Amino acid sequence: MNKQMDTSKSTPTPDFKNLHFLKDHIKQTMAFYHPKCIDKNNGFFQNFTIDGNIYNKKDRHLVSSCRFVFNYAMAAIEFNQSEYLEVVQQGIDYIETVHRNPKTGTYAWQLSDDIVIDDTNHCYGLAFVLLSHSLAYKAGITSSKAKLEQVWLQLEDYFWDEKFGLYRDEYNVDFTQLSDYRGQNANMHMCEAMLTAFEVTSDHKFLQRAYLVARNITVRQATMSDGLIWEHYTSDWKIDWDYNKDDPHNLYRAWGYQPGHQTEWAKLLCILYRHQPENWMIERAEFLFETALETAWDDLNGGIFYGFAPNKDICYNDKYFWVQAESFATAALLALTTGKDSYWDWYQKIWSYCWKHMVDHQYGAWYFILDAQNNHYNDIKSPAGGKTDYHTMGSCYEVIKAIQLKEQAL
């Protein structure tokens, strides 16, 4: 195990609420990836060591391919970087010509040397395809508007379960075999993608779907698990308490309550409230955020643990970058929505921890995962499928947007 180099002591603590700081942090994070992440032949390189070297040029993951499009599209919009549009187009082309199977219309989960090594059709992956096309369209890639509709129709034809008002998780490549597994994670990211698609297109079908998914997960399903959001369910949306209990470190389907998903849902509820305000959204958001932080904040070493068991014992005590990032964004949105200073206190507390331990002040971007004592395990910073700093930059963008909207309303 490697002891983390603490360069934050020589780096002054900034004003984390300052818009210039947040924008500069996005630029500094982008600089870790740009331009070396761009594969001039196709798509993006997706595997980086802590110092920014590419340790694997062959393997690509649908989620990372889409998240890099998010990163460049958002930067093109926020910073008026027109040269980024070519990169966005290249990323979209890779998704549509290499990940996508023209015979089935599905998107391959994993590639190696541009050859499909996993053709499983994941709803989670389609959520990011929808998100990437939404932001590509907003950035100026007009062809992505039609792709948005194609993805919507595919979701309607195969993944949407009208009976339960939620999305199914997983099919084989030609949609002939449906997995019995159901999960909240794909639905959470589908809610995120639907909210973004609505904001970009003003098409209310996306908002209506985001509302229904959010209500069914954070209210109906949460009533089965003491108001919190469990991860895993059976095909008829009953809780599966034992799924992956022997694999608590699973990247996409970890066992236990995930504090990061409680806070991420709280963030989405705040965004939903912005468009269709109903009191239950903020009531649920506050409960999810406060319970997650009260249970999973590490009082000894700082930061938010990854998972806790049904009895509230910590079952996974590592600190993942995305959990911290989503949580500071949620704290800011709750502070701005409710007017409660306690959420700004949490924002400051989480950011201070991240600034000291998660942000790499030497090479840029954030560390991927730290142990309970805030040491990193190896020299991997960004593996395919696991990280492009979409969470960290996306959280900064969301705080910037929320602050600007609040200032406009005053």
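For the structure itself, consult the block above.
Residues numbered from 1 in each chain as written. Predicted model: local features only at pLDDT ≥ 70, side-chain atom pairs only at ≥ 80, totals over all residues. Heavy atoms only, no water.

(A) How the structure looks around the overall build of the protein chain. When helices and strands are tallied, the protein chain shows twelve helices and 15 strands. Here the C-alpha atoms of the protein chain give a radius of gyration of 20 Å, agreeing with the 22 Å that 2.2 N^0.38 yields for 410 residues. When contacts within the protein chain are restricted to residue pairs at least 6 apart in sequence, those whose partners lie at least 24 apart make up 66%. With the model as given, the accessible surface of the protein chain reaches about 16,000 Å², and the carbon-plus-sulfur share is 47%. For the protein chain, the distance from the average site of its 38 positive side-chain charges to the average site of its 53 negative ones is 3 Å. (Helix = DSSP H or I, 4+ residues; strand = E, 2+ residues; numbered from the N terminus. Rg over C-alpha atoms; globule rule 2.2 N^0.38 Å. Contact = heavy atoms within 4.5 Å. Areas by Shrake-Rupley, 256 points an atom, 1.4 Å probe, with all protein chains shown as cover. Lys, Arg positive; Asp, Glu negative; His and termini not counted. Charge placed at Lys NZ, Arg CZ, Asp CG, Glu CD.)

(B) Geometry of the packing of aromatic side chains. Applying the stated criterion across every chain, the model contains 48 aromatic pairs. The interplanar angle of 65° and the centroid separation of 6.1 Å between the aromatic rings of F32 and F48 together place this pair among those described as edge-to-face. Of this pair, F32 sits in helix α1 (residues 19–33) while F48 is found in strand β1 (residues 48–49), placing the two residues 16 residues apart along the sequence. You'll find F32 and F48 in the same group, each marked buried. Clustering of aromatic rings is evident, with ring pairs tying together F16, F21, F328, W344, Y347, W351, W355 and W366. Geometry around Y181 places R253 over its ring, the cationic atom sitting 3.8 Å from the centre. When the ring centre of F321 is taken as reference, the NZ or CZ atom of K387 above it lies at 5.2 Å. (Phe/Tyr/Trp six-rings, centres within 6.5 Å; stacked < 30°, edge-to-face > 60°. Buried < 20%, exposed > 50% of the residue type's maximum accessible area, 1.4 Å probe, protein only. Lys NZ or Arg CZ within 6 Å of the ring centre and 35° of its normal.)

(C) View of the sheet that holds strand β2 (residues 59–61). What the three strands build is an open sheet, ordered β2-β3-β4; its pairing is antiparallel. On the outer flanks of this sheet lie β2 and β4 (115–118), each paired with one strand and no other. Taken pair by pair, the neighbouring strands of this sheet meet at an average axis angle of 30°, ignoring direction. In terms of strand pairing, strand β3 (residues 110–112) meets β4 through three bridges, oriented antiparallel. Within the sheet, the bridge partner assigned to S112 lies in β4 and is I115. (Pairing = 2+ DSSP bridges. Axes fitted to C-alpha atoms, helices over the stretch in contact; angles between N-to-C directions.)

(D) Local environment of unusual backbone geometry. That bond from H34 to P35 is cis: its omega, 0°, falls within 30 degrees of zero. Topologically, P35 is positioned in the loop between α1 and β1. The backbone phi angle of S202 is positive, close to 65°, even though this residue is not glycine. As for its placement among the helices and strands, S202 is situated in the loop between α6 (184–201) and α7 (204–220). Owing to a relative accessible area of 53%, S202 belongs among the exposed residues under this scheme. The phi torsion at N244 lies on the positive side, around 60°, for a residue other than glycine.

(E) Quick look at the environment of T97. Relative to the elements of secondary structure, T97 occurs in helix α3 (residues 84–99). Between the C-alpha atoms of T97 and A214, which are 117 residues apart in sequence, the distance is 32 Å. From its side chain, T97 meets the backbone oxygen of D93 in a polar contact 2.5 Å long. (Polar contact = N/O pair within 3.5 Å; in protein donor to acceptor, adjacent residues only side chain to side chain.)

(F) View of the nonpolar core. With 143 residues, the main nonpolar core has Y72, Y167, W265, F328, Y347 and W351 as its most contacted residues. Contacts of F328, omitting those with residues within four sequence positions, involve Y347, I350, W351, W366, T392, S395, C396 and V399. (Core = buried A, V, L, I, M, F, W, Y, C linked by side-chain atoms within 4.5 Å.)

(G) The arrangement of the environment of Q81 in detail. With respect to the element layout, Q81 can be found in the loop between α2 (62–78) and α3. Residues Q81 and A139, 58 residues apart in the sequence, show an inter-C-alpha distance of 9.9 Å.

(H) Expanded view of the packing of α6 against helix α8 (residues 259–275). Two numbers describe how α6 lies on α8: the axes approach to 11 Å, and their chain directions differ by 30°. One way to sum up the angle between α6 and α8 is to call them roughly parallel. Note that α6 runs across α8; the crossing there is left-handed. Along the contact surface, α6 presents Q184, N185, N187, M188, H189, C191, E192, L195, F198 and E199, while α8 presents H261, E264, W265, L268, I271, L272, R274 and H275. Residue classes in the contact of α6 with α8 are distributed as eight nonpolar, six polar and four charged. (Parallel < 35°, antiparallel > 145°, perpendicular 65-115°, else oblique. Left-handed = near helix turned anticlockwise from the far one by under 90°. Nonpolar A, V, L, I, M, F, W, Y, C, P; charged D, E, K, R; others polar.)

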